[in-house]
Amino acid sequence: YLVVCGGERYDHQIRSLKKGVDMIIATPGRLEDLQARGAVKLQDIAHFVLDEGDQMIDLGFYPAIKRILTMLPETRKTVLFSATMPRKFREFARESLVRPLIVNSGRAGAANLDVIQEVEYVKQESKIVYLLECLQKTAPPVVIFSARTKEVDDIHEYLLIKGVEAVSIHGSKDQEERREAMRKFKAGVAHVLVATDVAAKGLDFPDIKQVINFDMPEEIENYIHRIGRTGRCGKTGVATTFINGQVDDSVLLDLKGVLREAKQHIPPVLERMQDPEDELSEELRRALDEDAERDGLARGCAFCGGLGHRITSCPK
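Remember, predicted model here, so these are calculated numbers, not experimental data. (Residues numbered from 1 in each chain as written. Predicted model: local features only at pLDDT ≥ 70, side-chain atom pairs only at ≥ 80, totals over all residues. Heavy atoms only, no water.)

The next thing to look at is the overall build of the protein chain. Across its full length, the protein chain holds twelve helices and ten strands. Across the 316 residues of the protein chain, 47% fall into the buried class. In the protein chain, once contacts between residues fewer than 6 apart in sequence are set aside, the share between residues at least 24 apart is 66%. Here the protein chain displays about 16800 Å² of accessible surface, and carbon together with sulfur accounts for 52% of that area. (Helix = DSSP H or I, 4+ residues; strand = E, 2+ residues; numbered from the N terminus. Buried < 20%, exposed > 50% of the residue type's maximum accessible area, 1.4 Å probe, protein only. Contact = heavy atoms within 4.5 Å. Areas by Shrake-Rupley, 256 points an atom, 1.4 Å probe, with all protein chains shown as cover.)

An order of β5-β10-β9-β6-β8-β7 is seen for the six strands of this open sheet, with the pairing classed as parallel. Looking at strand neighbours, the two that pair on one side only are β5 (115-121) and β7 (166-169), the edges of this open sheet. Averaged over all neighbouring strand pairs, the angle between strand axes comes to 20°, with direction disregarded. Relative to strand β10 (residues 237-243), β5 runs parallel, the two sharing seven bridges. Directly across from Tyr121, in β10, lies its bridge partner Ile243. Along the sheet, helix α9 (residues 220-227) makes contact with β5, β6 (142-145), β9 (210-213) and β10, crossing β9 at roughly 150°. Those strands touched by helix α10 (residues 249-261) are β5 and β10, and its axis lies near 145° from that of β5. (Pairing = 2+ DSSP bridges. Axes fitted to C-alpha atoms, helices over the stretch in contact; angles between N-to-C directions.)

Let's shift gears to helix α4 (residues 62-71). What sets the pattern is the α-helix's 3.6 residues per turn: residues three or four places apart point alike. Three or more residues of α4 are buried, namely Ala64, Ile65, Ile68 and Leu69. Projected onto a plane normal to the axis of α4, the buried residues spread over an arc of 140° and lie on a single side. Those residues of α4 that are buried lie in contact with α2 (28-36), β3 (47-50), α3 (53-58) and α5 (87-96). (Arc of directions from axis to C-beta.)

One pass over the structure, following the stated rule, counts four aromatic pairs. Considering the side-chain rings of Tyr62 and Phe92, the 5.7 Å spacing of their centres and the 70° angle between planes classify their relative orientation as edge-to-face. Remark: Phe92 occurs in helix α5 and Tyr62 occurs in helix α4; sequence separation between them is 30 residues. With a relative accessible area of 30%, Tyr62 lands in the partly exposed category. For Phe92, a relative accessible area of 2% gives the class buried. Clustering of aromatic rings is evident, with ring pairs tying together Tyr130, Phe214 and Phe242. Directly above the aromatic system of Tyr10 lies the positively charged group of Arg30, at a separation of 3.9 Å from the ring centroid. (Phe/Tyr/Trp six-rings, centres within 6.5 Å; stacked < 30°, edge-to-face > 60°. Lys NZ or Arg CZ within 6 Å of the ring centre and 35° of its normal.)

According to the stated counting rule, one finds 13 salt bridges in the structure shown. With a closest N to O distance of 2.6 Å, Glu32 and Arg67 form a salt bridge. Of the two residues, Glu32 sits in helix α2 while Arg67 sits in helix α4, which places them 35 residues apart along the sequence. Among the residues examined, Arg67 registers a relative accessible area of 42% and is labelled partly exposed. Two residues, Lys66 and Glu95, come together in a salt bridge whose shortest N-O distance is 3.6 Å. (Salt bridge = Lys/Arg side-chain N within 4 Å of Asp/Glu carboxyl O.)

Attention shifts here to the layout of surface pockets. In this structure, the second largest pocket encloses a volume near 390 Å³. Elements that contribute at least two residues to the lining of the second largest pocket include exactly α9 and β10. Here the lining of the second largest pocket is composed, by residue class, of eight nonpolar, four polar and eight charged. (1 Å grid on protein atoms, 1.4 Å probe; cavity = no way out; pocket = protein on both sides within 12 Å on 5 of 7 lines; lining within 4 Å. Points joined across faces, edges and corners; volume = space filled by probe spheres on them. Nonpolar A, V, L, I, M, F, W, Y, C, P; charged D, E, K, R; others polar.)

Next up on the list: helix α1 (residues 10-19). For α1, the set of buried residues is Gln13, Ile14, Ser16 and Leu17. Here the buried residues of α1 occupy an arc of 160° about the axis, which is enough to place them on one side. Away from its buried face, by an angle of more than 90 degrees, α1 presents the exposed residues Lys18 and Lys19.

Formed by 22 residues in total, the largest nonpolar core has its most connected members in Leu50, Leu80 and Phe92. Those elements that provide at least two residues to this core are β1 (2-4), α1, α2, β3, α3, α4 and α5. With near-sequence residues (within four places) excluded, Phe92 lies in contact with Leu50, Ile57, Tyr62, Ile65, Lys66, Leu69 and Leu80. Listed in part, the 20 residues of the second largest apolar core include Ile220, Val251, Leu253 and Leu259. (Core = buried A, V, L, I, M, F, W, Y, C linked by side-chain atoms within 4.5 Å.)

To continue, consider the environment of Arg178. Residue placement: Arg178 occurs in helix α8 (residues 175-187). We classify Arg178 as partly exposed; its relative accessible area is 26%. Note: C-alpha distance between Arg178 and Val167 (eleven residues apart in sequence) is 9.3 Å. Not counting chain neighbours up to four residues away, the residues in contact with Arg178 comprise Ile169, His170, Gly171 and Lys173.

Everything listed is a geometric property; what it means functionally is a separate question.
In structure tokens:
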């Protein structure tokens, strides 16, 4: 097989392709470039797999993926994977596939039941200090997530000062820096990985003991992806999430719904929040649930799958 992505030399990838490979693992942009250079013939592809498809569409790869699909043979087998299935991704599947078959492992967008979810109210100025205490909950390895690149760098520097063996990755680091950080983390040289959401998907280390959300993601789908880095392969894991007054109420309500569905402890600050479902009539709630089920969701918002709101108030 051959890994094809940006940041790598073309000549090495082209030489490998000329020798012949059975499988190409690629980013859409680089795959298009190699096809334009005549190094790969997409007409010969028998199986096309799109992993984390909803995120790829969110990141703006939709036009490139559509162009790639038009160059593939009609007789191919196509498989789309995603831990969450927002409506835009389901619509993309319907227009891109012939008689698509949906296979759900549990509810699309639900949290892994092997993950113990702990949500803690921590003031913004106290989070960096409280982080060291949270690291004592489990043995390493641990992944810490933050949405902001500068915050990832600040956390990384703070941990190194405190004597914690840590590495970091984010979108501003080049490919070689990312590869070296992942090598150290995988080898156990580094006990903690600090990352933006670039590591929330595709990071498949079966033994990660804990995930710490230094910030609560703006969308509940990203929360599901983040905590899914632990509790893999039948093992249990811990997900610790910091929340405070800076988090949007709609996200907190979705978080409350996820915790309730997974039968996790709901902290008092979330328990006190008024659930919009309580204000719905039984007839309207039943109708909305039926709409959600038709879209492949068990309940909640029929558009994005969030459990703390309905489609009538969906932020998307």
